Amino acid sequence: MSINIKTPEEIAGLRIAGRLAGELLDYLTPFVKPGVTTAELDELAYDYTVNVQKCIPACLHYQPEGMTPYPATTCISVNHVVCHGIPSEKKLKKGDIVNIDVTSIKDGFHGDTSRMFVVGKPTIAGARMVDLAFQTMWAGIEAVRPGNCFNDIGIACQAFADKNGVSVVRDYGGHGIGRGFHEEPFVAHHPSHRPTPVFEPGMVFTIEPMVNAGRYHTTVLGDGWTVVTKDRSLSAQWEHMILVTETGYDILTCSKGTQEPPAWVKGWKKPSFD
Ligand code: MF3
Ligand code: CO
Ligand code: CO
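Residues numbered from 1 in each chain as written. Chains lettered and ligands numbered in written order. Predicted model: local features only at pLDDT ≥ 70, side-chain atom pairs only at ≥ 80, totals over all residues. Heavy atoms only, no water.

Trainee: Could you give me a rundown of the site of ligand 1, with the residues and numbers involved?
Mentor: As a matter of local geometry, ligand 1 sits amid 14 residues, with Cys59, His175, His182, Glu208 and Glu239 nearest to it. At a separation of 3.1 Å, a nitrogen atom of ligand 1 approaches a polar side-chain atom of aspartate 101. One of the side-chain nitrogen or oxygen atoms of histidine 175 is found 3.0 Å away from an oxygen atom of ligand 1. For ligand 1, whose free accessible area comes to 340 Å², the fraction covered by protein is 97%. (Near = heavy atom within 4 Å. Polar contact = N/O pair within 3.5 Å; in protein donor to acceptor, adjacent residues only side chain to side chain. Areas by Shrake-Rupley, 256 points an atom, 1.4 Å probe, with all protein chains shown as cover.)

Here it is as structure tokens:
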């Protein structure tokens, strides 16, 4: 039971893997259109990961204890699907809100990131969930600095969600990441009643809150993977990999297509990729 502190070499490896995962999402972006099936998007992701980026798709055949092996490269979670949506022959349609979550392994290091996409013209409710989930992630990121603790992420995410009348999923969370896909600790996006570890420079973990329009409860479908909101309300999620630095944080999953932070984020600038 311990959170490992990454060496500068490990951080460099994670930054490369993280950027590749971001670039995979950049590559997929123009294909997210009405009429495309999520299986088609998954096949594009597999080919790009393996043949262009020379990475290993970490999700494909990933099998946590007690689970069946995950059958795809990506998780594609549409509308009321919270996470772990399995790509299928179902076509995307105008107004769908879609999370694509990718994890790639490069030289033994994992890069894990996800973004939301809106298919065609957004609905008011869909656009609002996408934006509120993005800002909830950023509320969590902004809580990261040495001396604060993991619970500060949960407090910040929950406070932002409460203020905006949405809920934060409790059954799934972020995680440490490195040579392992899911390392310690579990990163809750809601407040914890138990003490949580204090941030130390060199820790690397994900922040990936799932935000629901209705209640926070979830159900797993019969396929053993697909997580949906129990009340079938819309759900949205964004994910970055975060490094704790001496003074705050850095983001390891940036690429050219990374969305700029909300205007209220003052201390972080997106790197340039030109
Ligand atoms: N990428 C997901 C995460 O953010 C994990 C997906 S596991 C899978 O942690 F098996 F469903 F792919
Ligand atoms: Co993750
Ligand atoms: Co992920």
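Once the structure has been displayed, the description carries forward.
Trainee: Tell me about the pairing of strand E4 (residues 97-106), residues and numbers included.
Mentor: In terms of residue burial, E4 counts as a mostly covered element, since nine of its 10 residues are buried. Here two bridges tie strand E1 (residues 56-57) to E4, and the two strands are oriented antiparallel to one another. Note that in E4 the partner of isoleucine 56 across the bridge is isoleucine 105. Note: strand E2 (residues 74-78) against E4, five bridges, orientation antiparallel. In the strand pairing of E4, threonine 74 is matched with valine 102. As paired strands, E4 and strand E5 (residues 109-118) are joined by 10 bridges and run antiparallel to one another. In the strand pairing of E5, isoleucine 100 is matched with arginine 115. Between E4 and E5, which pair antiparallel in sequence order, lie two residues; one of them, aspartate 107, sits at a positive phi of approximately 50°. (Buried < 20%, exposed > 50% of the residue type's maximum accessible area, 1.4 Å probe, protein only. Helix = DSSP H or I, 4+ residues; strand = E, 2+ residues; numbered from the N terminus. Pairing = 2+ DSSP bridges.)

Trainee: Can you explain the nonpolar core? Please cite residues and give values.
Mentor: Formed by 35 residues in total, the largest nonpolar core has its most connected members in Trp138, Val144, Ile153, Phe205 and Tyr249. Sorting the residues of this core by element identifies helix H3 (124-141), helix H4 (150-163), strand E9 (204-207), strand E14 (240-244) and strand E15 (249-251) as the ones contributing at least two each. Counting residues per element, this core draws most heavily on H3, which supplies nine residues. Once residues lying within four places of it in the same chain are set aside, the contact partners of isoleucine 153 are Gly140, Ala143, Val144, Val187, Ala188, His189, Phe199, Phe205 and Ile207. Judged by nonpolar contacts, the second largest core, of 17 residues, contains Leu25, Val36, Ala45 and Val102. (Core = buried A, V, L, I, M, F, W, Y, C linked by side-chain atoms within 4.5 Å. Contact = heavy atoms within 4.5 Å.)

Trainee: Account for the environment of threonine 196, with residues named and values stated.
Mentor: Note that threonine 196 resides in the loop between strand E8 (183-187) and E9. Separated by 184 residues in sequence, threonine 196 and alanine 12 have C-alpha atoms that sit 27 Å apart. Dropping the residues within four chain positions of it, threonine 196 is found in contact with Cys149, Phe150 and Asn151. At a separation of 2.9 Å, a polar atom in the side chain of threonine 196 contacts the main-chain amide nitrogen of asparagine 151.

Trainee: Please set out the coordination of the cobalt ion (ligand 3) residue by residue, giving values where relevant.
Mentor: For the cobalt ion (ligand 3), the protein coordination sphere consists of Asp101 (OD), Asp101 (OD), Asp112 (OD) and Glu239 (OE), at 2.1 to 2.4 Å. Taken together, the six donor atoms surrounding the cobalt ion (ligand 3) define angles of 59 to 165° at the centre, an arrangement classified as irregular. Metal-to-metal, the separation of the cobalt ion (ligand 3) and the cobalt ion (ligand 2) is 3.3 Å; aspartate 112 coordinates the two. Residue aspartate 112 is found in strand E5, and its partner glutamate 239 is found in the loop between strand E13 (235-237) and E14; the two are separated by 127 residues along the sequence. (Donors = N, O, S within 2.8 Å, 3.2 Å for Na, K, Ca; no water. Tetrahedral: all angles 85-135°; square planar, octahedral: opposite > 155°, others 65-115°.)

Trainee: Residue-level account of the coordination of the cobalt ion (ligand 2), with values.
Mentor: Asp112 (OD), His175 (NE2), Glu208 (OE) and Glu239 (OE) make up the full set of protein donors to the cobalt ion (ligand 2), lying at 2.0 to 2.3 Å. With six donor atoms in place around the cobalt ion (ligand 2) and angles of 51 to 163° between them, the coordination shape is irregular. The motif formed by the donor residues of the cobalt ion (ligand 2), counted along the single chain, is D-x62-H-x32-E-x30-E.

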